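# Coordinate inspection notes
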Amino acid sequence: MVRSENREIIPDTEPERQLFFINKDREILLEKEKELGRQLTYHVTTFGCQMNARDSEKLRGVLNEIGYIPSEDENADLVIYNTCTVRENADNRVFGRIGVLSGYKKKNPEMKIYLCGCMMQEKRIIEKIRKSYPFIDMVFGTFNVYRLAELMYMSRQSDSTAIFVEESDDRIVEDLPEVQTYSFKAGVNIMYGCNNFCSYCIVPYVRGRERSRKPIDVIREIERDVQSGAVEVMLLGQNVNSYGKTLDEPVSFSDLLRMADKVDGIKRIRFMTSHPKDLSDDLIKAIAESEHVCHHIHLPLQSGSSRILSDMNRHYDKEKYLSLVEKIRKNIPDASISTDIIVGYPGETEEDFEETMDVVRTARFDSAFTFEYSKRSGTRAALSENQIPAEVVKDRFQRLLQEVQTIGREKAMELEGSVKDVLIEEIDREDPFSVTGRLDNNSVVHLKGSKDLIGKIIPVRLDECRGFYYMGTAVV
Ligand code: SAH
Ligand code: SF4
Ligand code: F3S
């Protein structure tokens, strides 16, 4: 234990330590509010994947607890950018928007700007901020998100940008305040980090080694979510199929799904992401036999060429991937399968690309996220001298996009006219008299309805398929 200046005892266990600093930050905030005669606002902007979205819920929870008021826009007293660095355009987007924030800050001397998340784990980014963005008040990384309250307290002592980036932290801190973005669905981390080191990917460097949460903590969180109104949970991890392997009492992901399926009141369970190398027969069985696990599997292919897959360090080949798709379709006939594909990986030949197109045509994905390869410094693929010229990448990307879209439309057409359960998620962004929801297979449906349907699962007739989404009618 450590004593603070006025001899208070600072706890050295978590979450007590953060709760202590939340109180300290609250005292400081109250002083500031008195001085200014108004309340102070905050805004958290999230870039990147569901893991970041979940981290942002934790950041918001702490800020609310301190007493900041959430603001709809970035013209607030405290703005946090939770960043992503998986591809280069993610970085560019952040730096573009920081310029706008500096404009707000010039007009509001009270404004604080914090940057956190994956980009901040990169040394070159920290140098760039130090050199060119002195108006940033604090920077922290992916390993100390849970320490926001403490870092805010400490950053006040710094005249320049306060930088708190750690190389690693194995701790998993539970039970801190958080804000759920939606009342009816919740993201639940089941593991952090990644051990796979796919040759192109920066995630293992910025998120550290794989750590699984104990099943009891995961299930407790799902139960709490359900008690506060959630009907759907999304279990999150970079490779959920390797969940639980390193726990003191190892548990498989399929068994975790079986436990989650039994939680009283849960209606839909989703998960992301499944790495093909570890997708077991038992997992397919667990999904097929479960009552609430959605029949949707996101199974990133990355490339259809076995040669490229081996260079990518993916540990499966074209045949293994196609046999997995076949097994899923045989055991869960109505499963939708989505994927991620990278084009223009270093050394990719036209023949390699044709192999990818071949898998796309054979597997017939319901949907696919397609990416142009992006060079990430520090990864093995970035060192390759065989980078593919931009115009070749663009041409392949267009051809791939066309193919996945045509197939996606054909697949979506198959459900036209049928009646399916839809979880209503929000008011339609383009029509205030309509709502938008999702099928079990993750497709989007628009239908007439009002906000009291939000969070409910109702049967809907899919009247018309419009490419990737449906126009439907509630069946009463
Ligand atoms: N853990 C997940 C993927 C997380 S990153 C998995 O292994 O499937 C999400 C997607 O971003 C990846 O599936 C990949 O298609 C894409 N991606 C990652 N690094 C990339 C890079 N350097 N260039 C282009 N796309 C990349
Ligand atoms: Fe990146 Fe591969 Fe890990 Fe996915 S499994 S996060 S692609 S290294
Ligand atoms: Fe981006 Fe980090 Fe997720 S790099 S994709 S936000 S794990």
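Presented here is an overview of the structure given in this document. Since the model is a prediction, treat every value here as computed from it, not as a measurement.

It is worth spelling out the overall build of the protein chain at this point. In terms of helices and strands, the protein chain carries 13 helices and 21 strands. In terms of overall dimensions, the protein chain is globule-like: its C-alpha atoms have a radius of gyration of 23 Å, near the 23 Å expected for 476 residues. Projecting the C-alpha coordinates of the protein chain onto the three principal axes gives extents of approximately 70 × 60 × 50 Å. Relative to its 476 residues, the protein chain shows a buried fraction of 54%. If you sum the accessible surface of the protein chain, you get close to 22,300 Å²; carbon and sulfur atoms cover 50% of it.

On to the pattern of salt bridges. This model, assessed by the stated rule, comprises 49 salt bridges. Residue Asp169 is joined to Arg171 by a salt bridge in which the shortest nitrogen-to-oxygen separation is 3.5 Å. It is possible to trace a salt-bridge network through shared partners that takes in Arg54, Glu57, Glu174, Glu178, Arg213 and Glu221.

A separate point is the packing of helix α9 (residues 281-289) against helix α11 (residues 318-331). Contact geometry for α9 and α11: axes closest at 10 Å, N-to-C directions at 25°. Our classification of the angle between α9 and α11 gives roughly parallel. As for the relative orientation of α9 and α11, their crossing is right-handed in sense. Where α9 approaches α11, its residues Asp281, Ile284 and Ala288 are matched on the opposing element by Lys327, Ile328 and Asn331. Its residues placed into classes, the contact of α9 with α11 shows three nonpolar, one polar and two charged.

This part takes up unusual backbone geometry. A cis geometry characterises the amide bond from Glu14 onward to Pro15, with omega recorded as 5°. Tracing the backbone shows Pro15 in the loop between β2 (9-10) and α1 (16-36). That bond from Met272 to Thr273 is cis: its omega, 0°, falls within 30 degrees of zero. Along the polypeptide, Thr273 turns up in the loop between β13 (268-272) and α9. Phi at Phe197 takes a positive value of approximately 45°, unusual for a residue other than glycine. Residue placement: Phe197 occurs in the loop between β10 (191-192) and α6 (203-207). Positive phi is not limited to glycine here, since Asn313 has a value of about 70°. Note that Asn313 resides in the loop between α10 (306-311) and α11. By relative accessible area, which is 24% here, Asn313 ends up partly exposed.

As a further point, take the packing of aromatic side chains. Summed over the entire model, instances satisfying the criterion amount to twelve aromatic pairs. Ring geometry for Phe20 against Phe21: centres 5.2 Å apart, planes inclined by 90°, an arrangement best described as edge-to-face. For the pair shown, Phe20 and Phe21 are each scored as buried. Taken together, a centroid distance of 6.2 Å and an interplanar angle of 65° make the contact between Tyr321 and Phe365 edge-to-face. Within this pair, whereas Tyr321 is found in helix α11, its partner Phe365 is found in the loop between α12 (350-363) and β16 (367-372), the two being separated by 44 residues in sequence. Looking at Tyr321, the relative accessible area reads 0%, which means it is buried. Chaining the aromatic ring pairs together yields one cluster made of Phe20, Phe21 and Tyr153. Between Lys128 and the ring centre of Phe95, over which it is positioned, the NZ or CZ distance is 4.0 Å. A cation over a ring is seen here: Lys185 above Tyr182, with NZ or CZ 4.7 Å from the ring centre.

Note that Phe95 resides in helix α3 (residues 88-107). Judged by its relative accessible area of 12%, Phe95 falls in the buried class. Remark: the alpha-carbon pair of Phe95 and Tyr133, spanning 38 residues in sequence, is separated by 9.5 Å. Once you skip the residues sitting within four places of it in the chain, Phe95 turns out to touch Met119, Ile125, Lys128, Ile129 and Tyr133.

Cut-off values and rules
- Residues numbered from 1 in each chain as written.
- Chains lettered and ligands numbered in written order.
- Predicted model: local features only at pLDDT ≥ 70, side-chain atom pairs only at ≥ 80, totals over all residues.
- Heavy atoms only, no water.
- Helix = DSSP H or I, 4+ residues; strand = E, 2+ residues; numbered from the N terminus.
- Rg over C-alpha atoms; globule rule 2.2 N^0.38 Å.
- Buried < 20%, exposed > 50% of the residue type's maximum accessible area, 1.4 Å probe, protein only.
- Areas by Shrake-Rupley, 256 points an atom, 1.4 Å probe, with all protein chains shown as cover.
- Salt bridge = Lys/Arg side-chain N within 4 Å of Asp/Glu carboxyl O.
- Axes fitted to C-alpha atoms, helices over the stretch in contact; angles between N-to-C directions.
- Parallel < 35°, antiparallel > 145°, perpendicular 65-115°, else oblique.
- Left-handed = near helix turned anticlockwise from the far one by under 90°.
- Contact = heavy atoms within 4.5 Å.
- Nonpolar A, V, L, I, M, F, W, Y, C, P; charged D, E, K, R; others polar.
- Phe/Tyr/Trp six-rings, centres within 6.5 Å; stacked < 30°, edge-to-face > 60°.
- Lys NZ or Arg CZ within 6 Å of the ring centre and 35° of its normal.

Everything listed here is a matter of coordinates, which is why it stays silent on function.
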